[in-house]
Structure formats: C-alpha cells, structure tokens
Amino acid sequence: MTSRTHSATSASAEPVGIHGFEHHRVQVADGVALHAAVGGSGSPIVLLHGFPQTHLMWRHVAADLAADHTVVCPDLRGYGASDKPADTDGSAYSKRTMAADVLELARALGHERFALAGHDRGALVAFRAGLDHPAAVTHLACLDVLPTLDMWQVMHGVDAAVGFHLYLMAQPPGLPERMIAAEPDLFFGHFLDLWGGGPETIPASVRAAYLDACRAAVPSIVADYRASAHVDLEHDRADRDAGKVLTMPVNVLQQDWGAALGFDARDLWSPWAPQLAHRTVGFGHFMAEEAPEQVADELRKLLAR
C-alpha cells in the first residue's frame, strides 16, 4: 500500500488556494482520483466541502487548524478538480461510494485514523463514513445538514420551497441536467447569493472559482443529489432499522431552520449519535466562510473530546 500511495500522489498548483497548503492528486478508486489541498502537521483532520463549493470553502478554517493538525481538504468526487465519473447505475455518487473515496484518500496520505468534518453535501459523506467506517473516524462534525432520511421527512408544505433544488435534481437523468446547464451561473449563483451572508463572505475571486467548477460539473453534481433521493435513502433506512449509530464523538452546528419547517434538529440527530454535542448558531449556511474563527474553535472543542 505504501508504494502505491506515493506513486498515486503528485503535487500541482492552483491559482486560488489555501495559504501554505500543497496540492495533490490521489487515486482513490478505479478511474477516479481526488484533488486535495494538504497542510500543517499533527493529528489529521479531513474537511469536506458542500454545495455549490469546492475545498476552497475551508480556506480560513484549514489555515487556522494547520497550526496544530495535519489538514486534508479534498474536492469531493464530481466536484472541483476531482474526477467526475459517469453515473451508469445510480451508485457512483452514493454517499457510501464517496465516503470510501475519503477513506482511501486518507490512507494514501498515511492516515489510517482521522477526524472528519463536513459541511452540507460533505457532511452527508462524513455521516456515511462515520457509520460505515467507525474504526477509521475518530471524531465527526457535521455543519448545517440533517441526515438524508430525516431531511426528506421534514420537507413539506410551502415553507420547504427553499429546498426546490433537492426535488429538481432528484428527477430522472436528462431534464435537470439540461435545465441547469442552460443557465449554470444563474442556478449556482442563486445559492451563493441566497446563502452567502454578504459579499465579504465569498470574495469575487472565490465566487468565480466556485462558478467555474460548477459549470464544468453539472452532471456529477446532479448525480450526487439524485443519489440522496434514492440509494442514500436505502442505506439510511437499513442502518436505522438495524439500530446502527455513530460511535465516535459527534458535533453538529446548525442554523435554526427547524423553526420554519417545524422540527427540532437536536431531536433528529440524537438517535444517530449517542455522543452528540448539538449547537444552534446565529450565522448563515456558509458558516466556515462567514464565521471561520468560531467554526475552527468548535472543531477544536470536538477534537478535545
């Protein structure tokens, strides 16, 4: 494994990146390599981005944590500079598959055990990694998301219209890809503007990088969301029926969007995570960019548990 690891990893440059981090391309599955920014030294933590972003969303938090941790920030399969395989059978973008990518990436970089934090889509991958690979994930943080099974159960009525994209991208292949590809900057830019918390949260250069990355990844982004309406639900249901839980310390940071949709996020998370620390926050969805010092502090609290 060691020799294959070193041959699969190579340095590359990126014009917009995380200060002091090196960039690598790591083979994680047949025909699939992930791009990752890596920096710092110490106990490892892997940070997974959300939608419609790339690893750049962690630029402030990662630089902070790198003072005393090895920090790995990949682009998820289908996003950014990582490979975007075709989804021929509905499983290429299951969170189980994407979690396996993360495990292989960490191992290739020399980390058999590591802490894991994810935001939005990345939090769903992190959640699945924690359930499927508890021996590898020492600590788990999920930012502003509900587990897939619970998310679909609370989406109802006109107040759930804010999640229209979930329903759009759940449709069979063809229609959502064509609709989004017709106006990709309008579609993805809508979410950057709606959830951004002001222009200072996402500077123009980073916004442009996000839009460039999304424009080049419409089919794979749709496939990621489509999986959450099908195969990911099957996996969550099977684990709930089996009584499977997250065995590591878990921290969840969340906006109070349950107030509008009529649910208590802590109550939904608790059955999945016996060692749960749940906090409702006052900042917006892109919290790692809007409030990086607070997010880094919360992750340090998790790592100290």
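Quick notes on the rules
Residues numbered from 1 in each chain as written. Predicted model: local features only at pLDDT ≥ 70, side-chain atom pairs only at ≥ 80, totals over all residues. Heavy atoms only, no water. Helix = DSSP H or I, 4+ residues; strand = E, 2+ residues; numbered from the N terminus. Rg over C-alpha atoms; globule rule 2.2 N^0.38 Å. Buried < 20%, exposed > 50% of the residue type's maximum accessible area, 1.4 Å probe, protein only. Core = buried A, V, L, I, M, F, W, Y, C linked by side-chain atoms within 4.5 Å. Contact = heavy atoms within 4.5 Å. Expected span 1.5 Å × (residues − 1). Arc of directions from axis to C-beta. Salt bridge = Lys/Arg side-chain N within 4 Å of Asp/Glu carboxyl O. Pairing = 2+ DSSP bridges. Right-handed = clockwise from strand over helix to strand, strands pointing away. Disulfide = S-S within 2.5 Å.

Novice: Can you lay out the overall build of the protein for me, pointing to particular residues and giving the numbers?
Specialist: Each helix and strand in the protein was counted, giving 15 helices and nine strands. Relative to a compact globule of 305 residues, whose C-alpha radius of gyration would be 19 Å, the protein shows 18 Å and is just as compact. Seen through its principal axes, the protein has C-alpha atoms that stretch 50 × 45 × 40 Å. Across the 305 residues in the protein, those meeting the buried criterion constitute 59%.

Novice: Could you give an account of the nonpolar core, naming the residues involved and the relevant values?
Specialist: Across soluble globular proteins, you tend to see nonpolar side chains buried next to one another. In terms of nonpolar packing, the biggest core is built from 107 residues, with Leu47, Trp58 and Leu116 touching the most fellow members. Every residue in contact with Trp58, bar those within four places of it in the chain, is listed here: Leu47, Leu48, His49, Ala63, Cys73, Ala117, Gly118, His119, Leu143, Ala288, Val295 and Leu299.

Novice: Quick one: what's the story with helix H15 (residues 292-304), residue by residue and with numbers?
Specialist: In a regular helix each residue adds 1.5 Å, so 13 residues correspond to 18 Å; H15 covers 18 Å between its end C-alpha atoms and thus fits that length. Residues of H15 that are buried: Pro292, Val295, Ala296, Glu298, Leu299, Leu302 and Leu303. Along the axis of H15, the buried residues cluster in a sector spanning 160°; they form a single face. Facing away from the buried side of H15 by more than 90 degrees, the exposed set consists of Glu293 and Ala304.

Novice: Account for the environment of Arg121, naming residues and giving values.
Specialist: Among the structural elements, Arg121 can be located in helix H4 (residues 121-132). Considered as a pair, Arg121 and Asp83 are 38 residues apart in the sequence and their alpha carbons are 17 Å apart. For Arg121, the contacting residues outside a window of four places in its chain are His49, Gly50, Phe51, Tyr79, Lys95, Asp224, Tyr225 and Ser228.

Novice: Help me get a handle on helix H9 (residues 204-215), residues and values and all.
Specialist: The end-to-end C-alpha distance of H9 is 16 Å, a good match for the 16 Å that 12 residues give at a rise of 1.5 Å each. Of the positions making up H9, those classed as buried are Val206, Tyr210, Leu211, Ala213 and Cys214. Buried residues of H9, viewed axially, fall in a sector of 165°; they line one side.

Novice: Describe the pattern of salt bridges, naming the residues involved and giving the relevant values.
Specialist: Per the counting criterion, the structure on display carries 21 salt bridges. We note a salt bridge from Glu177 to Arg226, for which the minimum N-O separation is 3.0 Å. Taken together, the residues Glu177 in helix H7 (residues 175-182) and Arg226 in helix H10 (residues 218-228) connect sequence positions 49 residues apart. Here Glu177 falls in the buried class, since its relative accessible area comes to 15%.

Novice: Outline the pairing of strand E5 (residues 69-74), supporting the account with residue identities and numerical values.
Specialist: By the criterion of burial, E5 is predominantly enclosed, with six of the six residues buried. Here E5 shows no split at all, with His69, Val71 and Cys73 on one side and Thr70, Val72 and Pro74 on the other all buried. The pairing of strand E3 (residues 32-40) with E5 spans five bridges and is antiparallel. Following the sheet pairing, Ala36 is matched in E5 by Pro74. The sheet contact formed by strand E4 (residues 43-48) and E5 spans four bridges and is parallel. Looking across to E5, one finds that Ser43 is bridged to His69. For the crossover from E4 across helix H2 (residues 59-65) to E5, the handedness is right-handed.

Novice: Can you break down the state of the cysteines residue by residue, with the values?
Specialist: Overall, the coordinates contain zero disulfides when judged by the stated rule. Cys214 carries a free sulfur, and the closest cysteine sulfur to it, the one in Cys73, is 17 Å from it. Judged by relative accessible area, which is 2%, Cys214 ranks as buried.

Novice: Tell me what's going on with unusual backbone geometry, and back it up with residues and numbers.
Specialist: Going from Phe51 to Pro52, the amide bond is cis rather than trans, its omega being -5°. Looking at where Pro52 falls in the secondary structure, it is placed in the loop between E4 and H2. Its identity as a non-glycine residue notwithstanding, Asp120 has a phi of 60°, on the positive side. Among the secondary structure elements, Asp120 is positioned in the loop between strand E6 (114-119) and H4.

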